[in-house]
2 protein chains.
Amino acid sequence: MHDATKPAESPPRVVIDRVTPEIDAGRFPTKRVLGDEVTVGADVFTEGHDRLVAVLRVRGPGDDDWREVPMTALVNDRWEATFTVDRLGPWECAIDAWVDEIATWRAGLVAKRDAGLDVASELLEGAALLERASTRADGPDRAWLAEHARLVGGSGEQATRAAAAMSPALTSCALRFPDRTRATRWERTLRIAVEPERAVYGAWYEMFPRSASSEPDRHGTFADVVQRLPYVAGMGFDVLYLPPIHPIGRTHRKGRNNLPVAGPDDPGSPWGIGAAEGGHTAIHPSLGTLGDFDRLVTAAREHGLDVALDLAFQCSPDHPWVTEHPQWFRHRPDGTIQYAENPPKKYQDIYPIHFETDDWRALWDGLRDVVLFWVARGVRIFRVDNPHTKPFAFWEWMIAEVRAAHPDVFFLAEAFTRPAVMRHLAKVGFSQSYSYFTWRNTKAELTAWMTELVTPPVSDYMRPNLFVNTPDILHEYLQIGGRPAFQIRSVLAATLGATWGVYGPPFELIETASSGGEDYLDGEKYQQRHWDVERPDSLRPFIARLNRIRRDNPALHRNDRLRFLPVDNDRLLAYVKTTPDLSNQVLVVVTVDPHHRQTGWIELPLDALGLDATEAFQVHDLVSDARFLWDGPRAFVAIDPAVVPAHVFRIRRRLRTEKDFDYFL
Amino acid sequence: MHDATKPAESPPRVVIDRVTPEIDAGRFPTKRVLGDEVTVGADVFTEGHDRLVAVLRVRGPGDDDWREVPMTALVNDRWEATFTVDRLGPWECAIDAWVDEIATWRAGLVAKRDAGLDVASELLEGAALLERASTRADGPDRAWLAEHARLVGGSGEQATRAAAAMSPALTSCALRFPDRTRATRWERTLRIAVEPERAVYGAWYEMFPRSASSEPDRHGTFADVVQRLPYVAGMGFDVLYLPPIHPIGRTHRKGRNNLPVAGPDDPGSPWGIGAAEGGHTAIHPSLGTLGDFDRLVTAAREHGLDVALDLAFQCSPDHPWVTEHPQWFRHRPDGTIQYAENPPKKYQDIYPIHFETDDWRALWDGLRDVVLFWVARGVRIFRVDNPHTKPFAFWEWMIAEVRAAHPDVFFLAEAFTRPAVMRHLAKVGFSQSYSYFTWRNTKAELTAWMTELVTPPVSDYMRPNLFVNTPDILHEYLQIGGRPAFQIRSVLAATLGATWGVYGPPFELIETASSGGEDYLDGEKYQQRHWDVERPDSLRPFIARLNRIRRDNPALHRNDRLRFLPVDNDRLLAYVKTTPDLSNQVLVVVTVDPHHRQTGWIELPLDALGLDATEAFQVHDLVSDARFLWDGPRAFVAIDPAVVPAHVFRIRRRLRTEKDFDYFL
């Protein structure tokens, strides 16, 4: 007879199942940020009706010991516990659950006593249970429990002994010393990667240092960028992201507007990295020195800005690695090195890294060392160019490697690619991802797409960075819609996403000239530009106001707790974001039509917002500073994009009533 | 430097992820039945744009070798393969995927050739790839590939060599000998439990043998049940389920209508198992002998009926085990054995099994042997009483144990309990589960509840058995709604679920008398009854018609492929079930109002049904035999419950047109 599956020991009775927020059965860690309250849930149940106890066991980075947090039963066998992650790095959670004999016995005793039945046997059973609990207890509890066990099992009157047995003091004491020998231990551990808050919440500003000069024709420098810092910080940005700052190759350099051949003065694309002056750890001579860079990082920090660097693991034909490590590139049968191509397009200015090289160990180390070089100079954020063209295994290893020593470092994936690939990059360690935001411009698109991103499990490992434009992407919506379109996209990005980004100054200066497709005409990728950032029509004050609203409203600091509201107009989008305790509630109403006035009725989920259906409440438009009194579950809104295309309301629940009047009582 | 995570070998590049229909990361097998087409899906992708190949590896029960089925790429990196399970028992699936160098190279060559670029280097690379492929080939392919490798890499004209390189014959031959040394093998295997078709599709009839006598006051026998078989089979049932057939205890026997004390002639509850005459492997003397039972099983089979037995693992105080294995019961400090209780209710006629006994190994074996005893007598289906009060680990072991030797045996869980517990019983091995069906009577309830059951992952491991009533459950909907209510519930159960059940004759005889709650007045659990099954008002012909419709329409043989349709009347429920190839399509429109005429407009998903929006189609009501011509996506229906409360339409796509007319051409 087949008997392979019979367990060696009488198996534990309790089942622990459907643990959240676990990702892919524990293959990847769940992401949270410093200070987050983490809620772990599980189905915990057993056969029959015995009382259960479940505890969440928690261990932070470097901890040898586990801390236990009691889990609470909700409905339908669902249990939860919450704890705060107060250190950066990898955390672990485990779950233990067991049948609590004392609680089960006590419930049975109470039921029989309430039914007026004899409880003689129950008291004897209880005495034995309490006696065993006393042997597990220590200190004064030990003797105290033993004494009560004798009392409960003794020869006194049954009612007296039953009352003693049911006393809350006795139960709670005994419960502190459970018999866990037959506890079920969940078969896995839940891993949680705790990252800096900036990994989820921040406003990014991208700019080309070479265009930062105050004089139209002079190549910008790091010193110019330092001069520009008050401008960027004044708009309320948190992260200053610089495209590659390294020497640019000369061989096959691209010209302005991506012409195949560069003119003598064309500076080339910063992504064509590497020249005689050096590669990924060198500074482009026209920008300054490493010392200048250090001064920029320091000055930025003084303005509350983190500098994010671009990590583009590819080389120009002039990169020192091409001669130092030729085996890191793919050599063709005709003796040439393979350049990037997508026939008929050729990118002869770029040699991809050949990750399939036999020398992959040294290559991986070399690339990691590039990151560590800049980490040592104070950089904590890396925007990674096209990570989806390099092996996932490399990223998983490299990111883990860097963060083991520097848990405050994080990486943004610039992967505009298929959903499965983007999700996987997030799983293997990227803290943020560029997104499809620029291509989501209708109400239906935005609602469906954003809902997927803020819903578990995706929201537990992937965080979007909602850039409104990039040097490669000037969407037709912006090209056509003018100033209102720029405002609409700013409001959407800044309030739908906890992290948003602007590539400026073209964005705030409402630059709409394209080279035909989505590329900017005379784009900065291939030339330096001069921008008059003081222009009076700049969106600078509008963006500053949005970022101010973001800072003031913690509801906007996370991606979850976003809820779209029904509106009877398909051009109007309404959504609400709240903090978990509802102390901060932001209601955004924004038109997606940059041309015409739109009106509509919004349905408000009063219950979910903790609002009383019978009392008025105030909504305060943080953009226009107007205030409205609303009441009931439906609200009328009108939006004229020519004035301002959105309301960003803070909901204020408390209104004064006659009871607040001085002489009311 | 932290370096723990760097792999020892250059890791495979392809990711295999989100494999369906996997249950709980492989902890439990997925369920299918004999003859099913099984579709396995996975996300398969790698960095960059190289061409991939993925194969599903399949192994049936007892197979040493794996068979490979090519997987096909759908959209968004999703791949699928389908195979048929043609043997009962445990199957396994694995997945391998790799970068196909030949296909990748060929795609690059074609792109460059189409762009008019020089392909000299591509041809040399291809020659090397083909040469390596030839070393992996065998038979004539080996020499043929080597020869073509030389041709492609030779000194001929480039256009000639390119044409040879791109010939489909060459590519398809080379692809048959891929380099799989760097293939990714999915880290788990997908387990599939293949069960008999009856585990998903069947109509059950429950009856008490003791009430089967043709004479009002005589205790029914197995011989009487044999006489009743034509009646049951004539209604189109597939399974005859008998409540326990064992000797009934006398100690604390319950009286009629669950009275605490039995009268001298009261037969007691069949679930009070065990007396001097024997226990779980004995036959109640009044029913007959083991020989009579064998004759019943044989006769039932001749009528196309499987006999399902009740497996109630509990004992009356008179059960032989109480003296033979006292350690299998819980002894209290006062020396008594613990009976079942739910204070203030006492079930002193029932001793629960004490699964926590130190003698659990022998107990488990003993319970398994009960099952094997009846399996040896030809029983293949067991309805398990209250499995949720016995340990999950026991069920998982016992069911695996029995089915390792008898893969055609399956178990139905009678667990009316919390969702997590019901789901877990299904996961550990129960093929079917009783359900909340009797308590789902409104359109909203039925739609939400059934949608959850037919949607993966639940549908991959849990199959409902939709009983319209049970000896314990006569729902108020039936008590109040009369004949139309009984018809409505029959149609719903028989067409929503691939498996449905009736407790008769009370059901077909429209018995509505309750003892106050949901119990039947004078219910058969505690007494024998005599039923006039030939009564002219019986639902027998209606039920026979429903089961005939079920047999004739394969769309009703599975639970998946159920789709609810919008109807503009909340009393009308409309849904469609189809076979995967759409060759059989059943549209059910049923009222949930047993009292009033209802009308409404249904929205038909013409595309999903393969119907042409511009042509008429026929719907044939298989209940009334009426036929209608419909066209377009909206259809009007009217239902009068006093006539018949449902349409069960077969959709017939093909209508004759003028082109079918003999002289048309």
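Please refer to the structure placed before this passage.
This write-up is about the structure you can find in this document. (Residues numbered from 1 in each chain as written. Chains lettered and ligands numbered in written order. Predicted model: local features only at pLDDT ≥ 70, side-chain atom pairs only at ≥ 80, totals over all residues. Heavy atoms only, no water.)

Re the sheet that holds strand E7 (residues 78-84) of chain A
Strand order across the open sheet formed by four strands is E1-E3-E7-E6 (chain A), with antiparallel pairing between neighbours. The open sheet is flanked by strand E1 (15-20) and strand E6 (72-73) of chain A, the only strands paired with a single partner. With two bridges connecting them, E6(A) and E7(A) associate as antiparallel partners. Bridged to Thr72(A) within E7(A) is Glu80(A). Across the sheet, helix H11 (residues 419-428) of chain B is in contact with E1 and strand E3 (37-45) of chain A; its angle to E3(A) comes to roughly 65°. (Pairing = 2+ DSSP bridges. Helix = DSSP H or I, 4+ residues; strand = E, 2+ residues; numbered from the N terminus. Contact = heavy atoms within 4.5 Å. Axes fitted to C-alpha atoms, helices over the stretch in contact; angles between N-to-C directions.)

Description of the interface of chain A and chain B
Listed as interface residues are 65 residues of chain A and, on the opposing side, 65 residues of chain B. Regarding the contact of chain A and chain B, the summed buried area is about 5,700 Å², with carbon and sulfur atoms giving 55% of it. Run the count over chain A and chain B and you get 16 salt bridges. Note that Glu356(A) is salt-bridged to Arg182(B), the shortest N-O span being 2.3 Å. Applying the counting rule to chain A against chain B returns 20 residue pairs in polar contact (both at pLDDT 80 or more). Among the secondary structure elements, those contributing two or more residues to the side of chain A that touches chain B are E1, E3, helix H1 (101-114), helix H2 (120-136), helix H9 (360-376), helix H10 (392-405) and helix H11 (419-428) of chain A. (Buried area = accessible area lost by both parts, 1.4 Å probe. Salt bridge = Lys/Arg side-chain N within 4 Å of Asp/Glu carboxyl O. Polar contact = N/O pair within 3.5 Å; in protein donor to acceptor, adjacent residues only side chain to side chain.)

Some thoughts on the sheet that holds strand E25 (residues 585-591) of chain A
All names here are of chain A. Ordered by their spatial adjacency, six strands build an open sheet running E23-E24-E25-E30-E27-E28, and the pairing between neighbours is antiparallel. Edge positions in the sheet fall to strand E23 (562-565) and strand E28 (627-630), since each of these pairs with one other strand and no more. Sheet twist, expressed as the mean angle between neighbouring strand axes with direction ignored, is 25°. Of the pairings in the sheet, the one linking E25 to strand E30 (residues 646-652) comprises five bridges and is antiparallel in character. Directly across from Val590, in E30, lies its bridge partner Ala646.

Some points on H9(A)
Residue and element names in this part refer to chain A. Taking 1.5 Å of rise per residue, 17 residues should cover 24 Å, and H9 covers 24 Å from first to last C-alpha, within 8% of that figure. Residues of H9 that are buried sit in contact with helix H7 (290-302), strand E13 (306-311), helix H8 (320-324), strand E18 (381-385), H10 and strand E19 (410-414). Trailing H9 by a residue or two, Gly378 shows a phi angle of about 100°, which is positive. (Expected span 1.5 Å × (residues − 1).)

So, the relation of the copies chain A and chain B
Here chain A sits on chain B after a turn of 180° about the axis and a move of 0.0 Å along it, with an RMSD of 0.1 Å. Within this description, the copies of the chain are treated as partners about a two-fold rotation axis. Closest to the rotation axis within chain A is the C-alpha of Ala25(A), separated from it by 3.0 Å. Looking at chain A, 100% of its interface residues are interface residues in chain B too, so the copies touch through the same face. (Least-squares fit on C-alpha atoms with pLDDT ≥ 70 in both.)

Here we look at the environment of Asn258(B)
All names here are of chain B. Within the secondary structure, Asn258 is located in the loop between strand E12 (239-242) and helix H7 (290-302). For Asn258, a relative accessible area of 38% gives the class partly exposed. A sequence separation of 238 residues divides Asn258 from Thr20, and the C-alpha atoms of the two residues are 48 Å apart. (Buried < 20%, exposed > 50% of the residue type's maximum accessible area, 1.4 Å probe, protein only.)

Some points on the pattern of salt bridges
Enumeration according to the criterion identifies 104 salt bridges over all chains in this entry. Among the salt bridges present, the one from Arg218(A) reaches Glu215(A), with a minimum N-O distance of 3.0 Å. The residue Arg558(B) makes a salt bridge to Asp36(B) at a minimum N-O spacing of 2.9 Å. With Arg558(B) in the loop between helix H15 (540-552) and strand E23 (562-565) and Asp36(B) in the loop between strand E2 (30-33) and strand E3 (37-45), this residue pair connects regions lying 522 residues apart in the sequence. One salt-bridge network, held together by shared partners, links Lys112(A), Glu122(A), Glu125(A), Arg330(B), Arg332(B) and Glu341(B).

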